[in-house]
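# Analysis of the macromolecular model
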Amino acid sequence: MTSPEDRGPEEQAGREPGQGPEDKPFHFTDKRKVDPEAGGPREGADAGSSAGGSAGDDAERDPLAGLDFEPSDEAGVDAAVLAAKAEAAEHLDALQRERASFTNYRNRSLRDQEAARTKGIEDVLTALLPVLDDIDRARQHGELSGPFAAIAEKLDASLEKFGIERYGKVGEEFDPTVHEALMHQADPEATATTVNLVIEPGYRIGDRVVRAARVSVVGPE
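Attention in this report is confined to the structure presented alongside it. (Residues numbered from 1 in each chain as written. Predicted model: local features only at pLDDT ≥ 70, side-chain atom pairs only at ≥ 80, totals over all residues. Heavy atoms only, no water.)

### Observations regarding the overall build of the chain
Heads up, the condition is: By the criteria applied, helices consist of DSSP H or I runs no shorter than four residues and strands consist of E runs no shorter than two, each listed in order from the N terminus. Burial status follows relative accessibility: with a 1.4 Å probe on protein chains alone, a residue under 20% of its type maximum counts as buried, one over 50% as exposed, and anything between as partly exposed. Here, residues are in contact when the closest pair of their heavy atoms is within 4.5 Å.
A count of helical and extended segments in the chain gives four helices and eight strands. Overall, the chain shows an N-to-C arrangement of helices and strands of α-β-β-α-α-α-β-β-β-β-β-β. Taking all 221 residues of the chain together, 17% fall into the buried category. Contacts spanning at least 24 positions in sequence make up 55% of the contacts within the chain whose residues lie at least 6 apart.

Given below as structure tokens:
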């Protein structure tokens, strides 16, 4: 046995050798409700059960009372998604409006271009009408031959290229929308009014009549 006098100052103070005065012995508390040696509940476990029962009652009254979590940000995310969808729908609607406006502008521009082109062709044709009439009269009298006949054929081909049509023939039925009757002859045997002489042929561009055919007609009295 070691006498108190033989123990060091650490042992006399209740400390292990090498343990400083500021170090304290380690202690722990067993808070388990079941005693592993006795195999039964520890003393004081009823209080925990009572507290657990109280907590259970609170959980029954408030389903969220026993849940240990923080509210998630799902609601905020859903609101952001809805706002983004609404903004995308607005941009899509604006884009569709701009596309429709551009389509209307393009179609209107094409119509204006076609109208301007037709008007230009009509102006040129109107300026050439006296020359075309002279060529037609020379053709009717057999005075158009040689190189002049070739030039006249090229001119007719050029007119057809731009959609210009010459019309008016003897024997066709008189139509006041495309013919201008300068003379009229009565025929008791005629059943309809027809063209018997083309004085000046008519010209049209598509459905637009530039000049009506000037003709002489024969028909019933």
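### A word on the sheet that holds strand β7 (residues 208-211)
Note the threshold: One bridge is not enough; two strands pair if DSSP finds at least two bridges between them. Only the stretch in contact is used when fitting a helix axis, every axis being a line fitted to C-alpha atoms; angles between N-to-C directions are given from 0 to 180 degrees.
The sheet built from three strands is open, its strands ordered β3-β6-β7 with antiparallel pairing. What marks the edges here is a single partner per strand, and that holds for β3 (164-167) and β7. Between one strand axis and the next, the sheet turns by 35° as a mean value, whatever way the strands run. Relative to strand β6 (residues 202-205), β3 runs antiparallel, the two sharing four bridges. The residue bridging Tyr167 from the neighbouring strand is Gly202, located in β6.

### Describing the packing of aromatic side chains
Threshold: Aromatic rings from Phe, Tyr and Trp, with only the six-membered ring used for Trp, were paired whenever their centres fell within 6.5 Å, and each pair was classed as stacked if the ring planes differed by under 30 degrees, edge-to-face if by over 60, and tilted otherwise. Ring-over charges, as used throughout, are those where CZ of Arg or NZ of Lys falls within 6 Å of the ring centre and within 35 degrees of the ring normal.
Taken as a whole and judged by the stated rule, the model has zero aromatic pairs. Just above the ring of Tyr167 sits the side chain of Arg204; from NZ or CZ to the centre is 4.3 Å.

### Points about the nonpolar core
For the record, the criterion: In this text, buried Ala, Val, Leu, Ile, Met, Phe, Trp, Tyr and Cys residues form a nonpolar core when linked through side-chain atoms within 4.5 Å.
Of all hydrophobic cores here, the largest spans nine residues; its members are Ile121, Leu125, Leu129, Leu132, Leu159, Ile164, Tyr203, Ile205 and Val210. Of all the secondary-structure elements, those providing two or more residues to this core are α3 (74-140) and β6. Ranked by residues supplied to this core, first place goes to α3 with four residues. With sequence-adjacent residues up to four places away left out, Ile205 is seen in contact with Thr118, Ile121, Glu122, Gly163, Ile164 and Val210. Counting seven residues, the second largest nonpolar core, distinct from the first, contains Val178, Val195, Val198 and Val215.

### Structural notes on the pairing of β7
Relative to β7, β6 runs antiparallel, the two sharing three bridges. Bridged to Tyr203 within β7 is Arg211. Taken together, β6 and the strand that follows it, β7, pair antiparallel across an intervening segment of two residues, in which Gly206 is found at a positive phi of about 70°.

### Structural notes on the pattern of salt bridges
Under the convention used in this document: When a carboxyl oxygen of Asp or Glu is within 4 Å of a side-chain nitrogen of Lys or Arg, the pair counts as a salt bridge.
Scanning all chains against the criterion turns up 14 salt bridges. Close ionic contact of Arg211 with Asp133 constitutes a salt bridge, the shortest N to O distance being 2.8 Å. Highlighted residues: Arg211 in strand β7 and Asp133 in helix α3, separated in sequence by 78 residues. For Arg211, a relative accessible area of 10% corresponds to the buried category. A relative accessible area of 6% places Asp133 in the buried class. One continuous salt-bridge network, built from bridges that share partners, spans Asp133, Asp134, Arg137, Glu180, Glu200, Arg211 and Arg214.

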